[in-house]
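Below are the chains, spelled out letter by letter.
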Amino acid sequence: MIPIKLSIQGLYSYQDLQEIDFQRLTGSSVFGIFGKVGSGKTSLLEAISFALYGETERLNSRDNRQYNMMNLKSKHLLIDFEFQAGPDQHIYKFIYEAKRHPKKHHEIGPGERRMFIRQENDWHPIGNEKEDISVLSKQILGLDYENFKRTIIIPQNQFREFLELSPTERTKMMNQLFKLDQYDLAGRVSKLSKANDDQLAELRGLLSPLEAVTPEAIAHAEANIASSHDAVRAKELEIEQLEPTERQLLHAQTQSQTLATVQRELAGLQTQEKIYSQLRQTIALYETCRLVFQSDLVTLRKLTDKQTGLAEAKSRTAKQLALADGQLLGLQSVYEAAKKAYEGRGQLQQQIDELETVQYIRTIQESVELQTRNRQQLAIRIGRQILAVDGYKTERQKHQKLIDSLPGQSSQLERLYQAEKWFAIYKPLKKQADELQKQLTEHDSIVEQIKQQKDKALAGFPEEWADFTLKTLPAQIDDALEQLKAIRKDREKVYQQAFVKQELVHFTDSLTDGTPCPLCGSEHHPAKHAATQGKSDADLIKQEVLKSENALNKVNQRIDDTTALRLLIEGMTKDLRVPWIIVSV
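Rules and cut-offs
- Residues numbered from 1 in each chain as written.
- Predicted model: local features only at pLDDT ≥ 70, side-chain atom pairs only at ≥ 80, totals over all residues.
- Heavy atoms only, no water.
- Helix = DSSP H or I, 4+ residues; strand = E, 2+ residues; numbered from the N terminus.
- Buried < 20%, exposed > 50% of the residue type's maximum accessible area, 1.4 Å probe, protein only.
- Areas by Shrake-Rupley, 256 points an atom, 1.4 Å probe, with all protein chains shown as cover.
- Pairing = 2+ DSSP bridges.
- Phe/Tyr/Trp six-rings, centres within 6.5 Å; stacked < 30°, edge-to-face > 60°.
- Salt bridge = Lys/Arg side-chain N within 4 Å of Asp/Glu carboxyl O.
- Patch = residues over 30% accessible without salt bridge, like charges linked within 9 Å, V, L, I, M, F, W, Y side chains within 5 Å.
- Lys, Arg positive; Asp, Glu negative; His and termini not counted.
- Charge placed at Lys NZ, Arg CZ, Asp CG, Glu CD.
- Core = buried A, V, L, I, M, F, W, Y, C linked by side-chain atoms within 4.5 Å.
- Contact = heavy atoms within 4.5 Å.
- Axes fitted to C-alpha atoms, helices over the stretch in contact; angles between N-to-C directions.
- Parallel < 35°, antiparallel > 145°, perpendicular 65-115°, else oblique.
- Expected span 1.5 Å × (residues − 1).

K.L.:
What am I meant to see in the overall build of the protein chain here?
P.N.:
Along the backbone of the protein chain there are 14 helices and 6 strands. Across the 585 residues that make up the protein chain, the buried fraction comes to 22%. With the model as given, the accessible surface of the protein chain reaches about 43,300 Å², and the carbon-plus-sulfur share is 56%.

Printed below as a string of structure tokens:
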């Protein structure tokens with residue numbers, strides 16, 4: 001075997017792809033692999049043995065070999081080995097690949113082997129994955145793994161074992177290496193001699209019965225054969241003469257058997273003559289009855305078919321009725337659940353309204369507090385600016401008096417300089433004071449507008465609500481909403497009762513004799529509901545329903561108006577949250 005190229009990746013310490021070109025090394029006939037302990041020399045030899053035989057010296061299949069061979073930082077193990085071997089010096093390529101599980105680091109997937117031979121400048125696959133790789137390598141190299149390990153790749157610290165082999169093992173290895181078994185003829189000669197002896201004994205056994213055969217015995221046997229032939233010819237002539245008589249006797253025997261059979265059939269038919277005559281009479285009677293009752297039979301068949309169809313329809317109707325009963329029970333349960341949910345909608349709406357009210361009150365309180373703080377800050381800043389302006393006015397008067405008391409002592413240029421300095425200080429302060437005053441005026445205007453909107457919105461509500469502030473008014477609105485919702489609940493209950501009475505009146509009025517009841521199916525109605533006793537009672541019930549409906553609508557309208565008032569107050573609060581720009585001094 002002559003190595004050509006070895007590519008490894010993810011094997012022991014070789015994390016990245018490494019390629020070794022042996023052609024440059026084998027050009028000198030002899031080469032060596034040198035390096036420090038642990039540098040990976042043995043890893044190269046084990047890669048070659050694992051690619052060829054699927055075996056390594058340091059690890060076996062029970063040591064989780066694939067996991068221990070693969071570099072811990074690698075996810076892919078690759079061994080690609082090209083070599084030249086065989087009597088025809090063909091070039092082969094053995095490839096082994098394995099991948100690490102993407103989620104389980106300690107699990108390595110089943111490896112994949114591919115074997116190729118180079119023919120006509122192209123790689124052609126040989127063998128298959130299921131075939132034992134060591135068998136294929138032994139056929140190509142002429143060595144099994146044990147002798148390959150001893151001669152081609154001697155593991156570390158085992159050279160002494162190679163030198164101390166027993167004579168039998170050493171002879172076996174040398175025969176396999178140099179094909180000396182073709183010159184060992186003792187076994188084959190012994191086997192051929194034994195086969196010749198067996199064949200000679202068989203022939204002697206076949207010839208032993210022929211020892212008593214002589215020419216006189218042969219002549220006597222030939223005379224017996226001739227006399228036997230003459231006797232056979234005489235018998236044949238006799239047989240030819242007797243054959244016509246035999247044919248006549250056989251024909252007579254056949255006719256006799258046929259006659260006996262016909263006589264037996266005749267006797268049997270004669271015994272059945274009465275039966276056939278009775279059958280003939282019965283058939284004639286059947287034909288007569290069929291002609292007479294044919295129309296009745298057709299009618300009977302139709303009635304029977306109709307009866308069968310009605311029975312099937314009855315069965316289907318019974319099944320549909322049972323299915324309808326089951327659906328009715330299910331719909332009743334759904335109706336009860338929907339009714340309970342409908343009755344509890346008021347409580348859910350009340351909780352939603354209470355949460356909105358709490359949020360609205362908190363928003364208004366925060367807005368009022370913010371506006372109050374802004375107003376206080378504005379007032380403080382305006383007070384400071386007024387004091388500063390007054391101070392500047394006082395200094396101006398002092399400066400003016402000083403200028404007036406010292407005529408001629410200072411030049412016109414100095415007075416202009418002092419005037420310019422005073423105006424440079426006065427103008428920014430005046431501008432800030434005007435802006436603060438404008439902001440305070442706008443704030444007061446907005447507060448006044450909100451008060452007017454509040455008074456306008458409270459029109460139609462209790463008069464005492466006008467005395468409440470935006471901070472305390474939501475609590476009163478919540479109390480009023482709770483009272484209105486309680487009233488609405490009572491009104492809804494009264495309306496439901498009146499509506500049920502009205503529906504009962506309509507239902508009982510629609511019942512007439514001869515018409516089945518939608519509930520029980522009866523066509524007679526001897527005892528109707530008491531509500532149908534007089535027309536005046538029905539009118540009273542109708543008036544009660546209308547009255548309850550009107551009262552319920554009024555309560556709902558009042559609740560809507562109160563809710564709208566809350567939304568309006570929320571809008572006022574948003575207006576109070578407008579940020580004011582305060583100019584710092």
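K.L.:
Where do I start with the pairing of strand 4 (residues 90-99) in this structure?
P.N.:
The two faces of the sheet receive side chains in turn, since in a regular strand these alternate between them. Where strand 3 (residues 76-85) meets strand 4, 10 bridges bridge the pair, whose relative direction is antiparallel. Bridge pairing in strand 4 links F83 to Y92. Count of turn residues in the strand 3/strand 4 antiparallel hairpin: 4 residues, of which G86 carries a positive phi of about 95°. With 6 bridges connecting them, strand 4 and strand 5 (residues 112-119) associate as antiparallel partners. Within the sheet, the bridge partner assigned to I95 lies in strand 5 and is R114.

K.L.:
Could you clarify how one ought to interpret the packing of aromatic side chains in this entry?
P.N.:
Aromatic ring pairs are reported here in terms of the distance separating the ring centres and the angle at which the planes meet. This model, assessed by the stated rule, comprises 5 aromatic pairs. Centre to centre, the rings of F50 and Y96 are 4.9 Å apart; their planes meet at 90°, and the pair counts as edge-to-face. With F50 in helix 2 (residues 41-53) and Y96 in strand 4, this residue pair connects regions lying 46 residues apart in the sequence. The class for F50 is buried, based on a relative accessible area of 4%. A residue is classified by how much of its surface remains accessible, and Y96, at 3% relative accessible area, is buried. Residues F83 and F94 carry aromatic rings whose centres are separated by 5.4 Å and whose planes lie at 70° to one another, so their mutual orientation is edge-to-face.

K.L.:
What is the right way to look at the pattern of salt bridges in this model?
P.N.:
Opposite charge on two side chains lets them pair, provided their charged atoms get close. Scanning the model with the defined rule gives 6 salt bridges in all. E107 is the salt-bridge partner of K104, the closest N and O atoms lying 3.9 Å from each other. Here E107 falls in the partly exposed class, since its relative accessible area comes to 32%.

K.L.:
Hey, could you run me through a negative patch on the surface in this one?
P.N.:
Taken together, the side chains of E236, E240, E243 and E246 present a region of like negative charge at the surface. Within the secondary structure, E236 sits in helix 9 (residues 215-271). Residue class for E236 comes out partly exposed when judged on its relative accessible area of 44%.

K.L.:
Which parts of the structure should I look at to understand the nonpolar core?
P.N.:
For soluble globular proteins, nonpolar side chains are generally found buried alongside one another. Core analysis: the largest hydrophobic core is formed by 36 residues, its most contacted members being L52, I79, F83, F94 and I140. Every element with two or more residues in this core is listed here: strand 1 (2-9), helix 2, strand 3, strand 4, strand 5, helix 4 (133-141) and helix 5 (145-151). The element that contributes the greatest number of residues to this core is helix 2, accounting for 7 residues. Not counting chain neighbours up to four residues away, the residues in contact with I140 comprise F83, A85, G86, Y92, F94 and I126.

K.L.:
Please explain the sheet that holds strand 4 as it appears in this structure.
P.N.:
Hydrogen bonds along the backbone pair up the strands of a sheet, which may run parallel or antiparallel. The strand order across the open sheet formed by 6 strands is 2-1-3-4-5-6, and the pairing between neighbours is antiparallel. If you trace the sheet from one side to the other, it starts and ends with strand 2 (18-21) and strand 6 (122-125), each paired once. Across the sheet, the axes of successive neighbouring strands diverge by a mean angle of 20°, strand direction being ignored. With respect to the sheet, helix 2 is in contact with strand 1, strand 2, strand 3, strand 4 and strand 5, its orientation differing from that of strand 3 by roughly 80°. Running over the sheet, helix 4 touches strand 3, strand 4 and strand 5 and is turned about 160° from strand 4.

K.L.:
What should I look at first to understand the packing of helix 2 against helix 4 in this one?
P.N.:
Each packed pair of helices is defined by two parameters, the angle between the axes and the distance between the axes. Running from N to C, helix 2 and helix 4 point in directions that differ by 100°, and their axes come no closer than 7 Å. Relative to helix 4, helix 2 is oriented roughly perpendicular. Facing A51, L52 and Y53 of helix 2, the residues of helix 4 in contact are I133, S134, S137, K138 and L141.

K.L.:
What is the right way to look at helix 2 in this model?
P.N.:
The α-helix advances 3.6 residues per turn, and as a result positions three or four apart in sequence lie on the same side. The first and last C-alpha atoms of helix 2 sit 19 Å apart over 13 residues, in line with the 18 Å expected at 1.5 Å per residue. Turning to helix 2, its buried residues are T42, S43, L44, E46, A47, I48, S49, F50, A51, L52 and Y53. Remark: G54 follows helix 2 within two positions and exhibits a positive phi of approximately 70°.

K.L.:
How do you make sense of the pairing of strand 5 when you look at a structure like this?
P.N.:
Relative to strand 6, strand 5 is paired through 4 bridges, and the arrangement is antiparallel. Directly across from Q119, in strand 6, lies its bridge partner D122. Where strand 5 folds back on strand 6, the antiparallel hairpin that results is connected by 2 residues, among which E120 adopts a positive phi of roughly 55°.

K.L.:
Please clarify how a nonpolar patch on the surface should be interpreted in this entry.
P.N.:
Taken together, the side chains of L269, I275, Y276, L279 and I283 make up a nonpolar region of the molecular surface, amounting to roughly 500 Å² of accessible area. Considering every element that reaches the nonpolar patch, the biggest residue donor is helix 10 (residues 273-343), with 4 residues. Residue position: I283 is located in helix 10.

In short, the description is geometric, and any link to function would need to be established separately.
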